[in-house]
Amino acid sequence: MPLEEEVDKCCHYIFYALGCYGWMYYMYDNMSCGLCNLCRHCQCCMCCRSGRVAQHDNCCNCNTSAVKQLTNLKDKDIVYMSYRNKIYEVPFFVALDHNEKAVVVSIRGTLSLKDALTDATAECEQMDIEGHEIYAHKGILRSAKTIKTILTDNQIIEQAFQKAESDDYSVVVVGHSLGAGTASLLSIMLKSRWPSLTCFAYAPPGGLISAAGVQYSADFICSVVLGEDVVPRLTLETLDDLKERMSSVIKKSTRPKYQLMLGACWHSFFGFPEKLPEESEDNSGNQESLDPQQPLIDGSPGSPVRQVYSGEGSSTSTSSQSVHKVALYPPGHFIWIQETRSVNRSCFGKRRYEAQFGRHEDFSYIIINPSMVTDHIPNNLFHALCYLKEQTVPEDV
């Protein structure tokens, strides 16, 4: 699929990924008139009424209202919706998109302590995929299995196709952050049942799936990453690599440690460049020289990176024990969106972006700067995709 067409698809389906965050995200993004808009779809005391669309929503159906507001879905188009939130069980909904002829499964990202505990279960576990030895993040895999069980036992996707009354529809799975990781693993498990299935994973976690899973999912999972988002770069390997590089710089420094820490904090919050510390004369004879191109504080996609873990999964770090590990990566193929820096742009000027197909090597190290967290906020990714879609619209339209 051409880049422009895939970006257009990403921009369309991100509304479903955002809608699954419910009323809290909608109020955050619409502080001025969000409450008034939600009230148009809210109904009081829904917990006491029959025919409720969503399960485990609050008494006024605020989350359902937010989904309708963001996606323009009607009640009849929502096949299933659950906001039950436990460890290894994340909210999701299934709906019909008649414009794209798709059965959309949207999964929510991290929004509670229970979700954070799911994220923290970072051991790997083998997936049950016939003919493929694929390992995945244990906590996220359990969440995907929970959703698959609900979909299968209740035949929810089959019900959606019956409501669509057409065989031209296809299954599309979407999610952001934790939801992106869960959507990716769920897509891999459902691919054999629904061969036309595709998945759009917005800012997926880095330590999600083994190399065999990346190759298996490359044709049907599209991972969308904005700028220097830390989450798609966050793995046990990259954290260990960052720790060792920071330790190396501190050991070589002739400056007081408090100056290093203050400088790093200043750079992280305000973005002003902090010079790398100079090497101490006392240690110059027995310490390897620091490569100024090593992406410690900032870097480019072409910067060299030192791998801490071998391909077989055994650790080569001096600070790690010889415990069997499997290297995990983000899923599928990448669309990498980056802001184009303009010298003349004012502080309140419109941000400009460009998109390209990325490589997994581009996300093999952590870059410490102010945008590493803000680039993960779903609202920022949404505005970047909207900008890219505007650029593809012909001027005479």
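Bear in mind that the values here come from a model prediction, so they are computed numbers and not experimental data.

Could you clarify how one ought to interpret the packing of helix α1 (residues 3-19) against helix α13 (residues 378-392) in this entry?
To describe two helices that pack against each other, one gives the angle between their axes and the distance between the axes. Relative to each other, α1 and α13 sit at 145°, their axes nearing to 9 Å. In the crossing of α1 with α13, the sense of the turn from one axis to the other is left-handed. Between α1 and α13, the contacting residues are Glu4, Val7, Asp8, Cys10, Cys11, Ile14, Phe15 and Leu18 on the first element and Pro378, Leu381, Phe382, Leu385, Cys386, Leu388, Lys389 and Thr392 on the second. For the contact of α1 with α13, the per-class residue count stands at 12 nonpolar, one polar and three charged.

Which parts of the structure should I look at to understand the packing of helix α6 (residues 138-153) against helix α8 (residues 178-190)?
One can describe the packing of α6 onto α8 by two numbers: an axis separation of 8 Å at closest approach and a directional angle of 55°. Regarding the angle of α6 to α8, the classification is oblique. Seen from above, α6 lies across α8 with right-handed handedness. Counted together, Ile140, Leu141, Ser143, Ala144, Lys145, Ile147, Lys148 and Leu151 of α6 and Leu178, Gly181, Thr182, Leu185, Leu186, Met189 and Leu190 of α8 form the full contact between these two elements. Residue composition of the contact of α6 with α8, by class: 10 nonpolar, three polar and two charged.

Help me out: how do you make sense of the pairing of strand β6 (residues 170-176) in this one?
Remember that side chains alternate between the two faces of the sheet whenever the strand is regular. A large share of β6 lies buried, amounting to seven of its seven residues. Residue alternation in β6 divides its side chains into two sets, Ser170, Val172, Val174 and His176 and Val171, Val173 and Gly175, and both sets are buried. Note: strand β3 (residues 102-107) against β6, six bridges, orientation parallel. Within β6, the residue paired with valine 103 across the bridge is valine 171. Bridging between β6 and strand β7 (residues 198-202) involves five bridges; their strand directions are parallel. Of the residues in β7, the one forming a bridge with valine 174 is phenylalanine 200. This β-α-β element, β6 to α8 to β7, shows right-handed connectivity.

What counts and what doesn't
Residues numbered from 1 in each chain as written. Predicted model: local features only at pLDDT ≥ 70, side-chain atom pairs only at ≥ 80, totals over all residues. Heavy atoms only, no water. Axes fitted to C-alpha atoms, helices over the stretch in contact; angles between N-to-C directions. Helix = DSSP H or I, 4+ residues; strand = E, 2+ residues; numbered from the N terminus. Left-handed = near helix turned anticlockwise from the far one by under 90°. Contact = heavy atoms within 4.5 Å. Nonpolar A, V, L, I, M, F, W, Y, C, P; charged D, E, K, R; others polar. Parallel < 35°, antiparallel > 145°, perpendicular 65-115°, else oblique. Buried < 20%, exposed > 50% of the residue type's maximum accessible area, 1.4 Å probe, protein only. Pairing = 2+ DSSP bridges. Right-handed = clockwise from strand over helix to strand, strands pointing away.

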